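Structure at a glance
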Amino acid sequence: MRRKPRTFDIPIEQDQDGAAAAPGGEAPASKAESSSAEPAVGAGDEAGPVGPRPIPYAEVFDRLQRLQAEFDNFRRRTDRERLETGAHAQGLLAERLLPVLDDFDRALQAQEGGDSVETRGYALIREKLYRALADAGLERIESEGQVFDPGIHEAIMTQDVEPERDGLVIIELAPGYRFRGRMLRPARVQVGKAPDS
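Computed from a predicted model, the values in this text were never measured in an experiment.

Here's the deal with the pairing of strand β4 (residues 176–179)
Here strand β1 (residues 138–141) pairs with β4 via four bridges, running antiparallel. Along β4, the bridge assignment pairs E139 with R178. Hairpin connection, β4 to strand β5 (residues 182–185): the antiparallel pair is bridged by two residues, and R180 has positive phi, about 55 degrees.

Below you can see the structure in the form of structure tokens.
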């Protein structure tokens, strides 16, 4: 005859809420106790402000006006610097082309009175080159008959003249040029000098 297996009856205690107690008499932790709940805010406690402090409209408007003014100043300064840089670069190019104008002038002076095809071609090329530089801002300094000015004239030699022509430019040996008001090259001139001066 086969023996029946032994079984043990373990009584399960229940708490007042009807939840089963763990062996040993300890009640299982409730959901409220097992979760890490934050402490409740009491009736006397005040909650702190949420987010950054609100900025008044007048203060926001003032900041926007300041930023707009700073941007306008920056744009004007950038435009001015760009124009100055471009003018300086154009002035350097014009200064490097002055010897070419001088060569054309000397070639035309050597063929003065001639009416050959080469002479007319030199004159036409020289005129086109000077017109392009003048449109960019090149200006020739008028010297002959003017009072000698060391700021725009360079005296190469003097010539004895009557007293009323003392200090005047007698001959322009090489023309002087400005570019947009900036001196590129002073005119090389011969200055009249009275004998008694």
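Looking at the pattern of salt bridges
Across all of its chains, the model carries twelve salt bridges by this definition. We note a salt bridge from R66 to D62, for which the minimum N-O separation is 2.9 Å. Of this pair, R66 and D62 both sit in helix α2 (residues 57–110), separated by four residues, roughly a single helical turn. The partly exposed category is assigned to D62, whose relative accessible area is 33%.

Some words on unusual backbone geometry
Positive phi is not limited to glycine here, since R180 has a value of about 55 degrees. Within the secondary structure, R180 is located in the loop between β4 and β5.

Quick notes on the packing of aromatic side chains
Under the counting rule described, the total for this entry stands at two aromatic pairs. Here the aromatic rings of Y57 and F61 are separated by 6.2 Å at their centres, their planes lie at 20 degrees, and the arrangement is stacked. A residue pair is termed a helical-turn pair when its members lie 3 or 4 positions apart in one helix, as Y57 and F61 do in helix α2 at four residues. For F61, a relative accessible area of 41% translates into the label partly exposed. The lysine or arginine in question, R126, covers the ring of Y130, its NZ or CZ lying 5.1 Å from the ring centre.

Each value, and the rule that gives it
- Residues numbered from 1 in each chain as written.
- Predicted model: local features only at pLDDT ≥ 70, side-chain atom pairs only at ≥ 80, totals over all residues.
- Heavy atoms only, no water.
- Pairing = 2+ DSSP bridges.
- Helix = DSSP H or I, 4+ residues; strand = E, 2+ residues; numbered from the N terminus.
- Salt bridge = Lys/Arg side-chain N within 4 Å of Asp/Glu carboxyl O.
- Buried < 20%, exposed > 50% of the residue type's maximum accessible area, 1.4 Å probe, protein only.
- Phe/Tyr/Trp six-rings, centres within 6.5 Å; stacked < 30°, edge-to-face > 60°.
- Lys NZ or Arg CZ within 6 Å of the ring centre and 35° of its normal.

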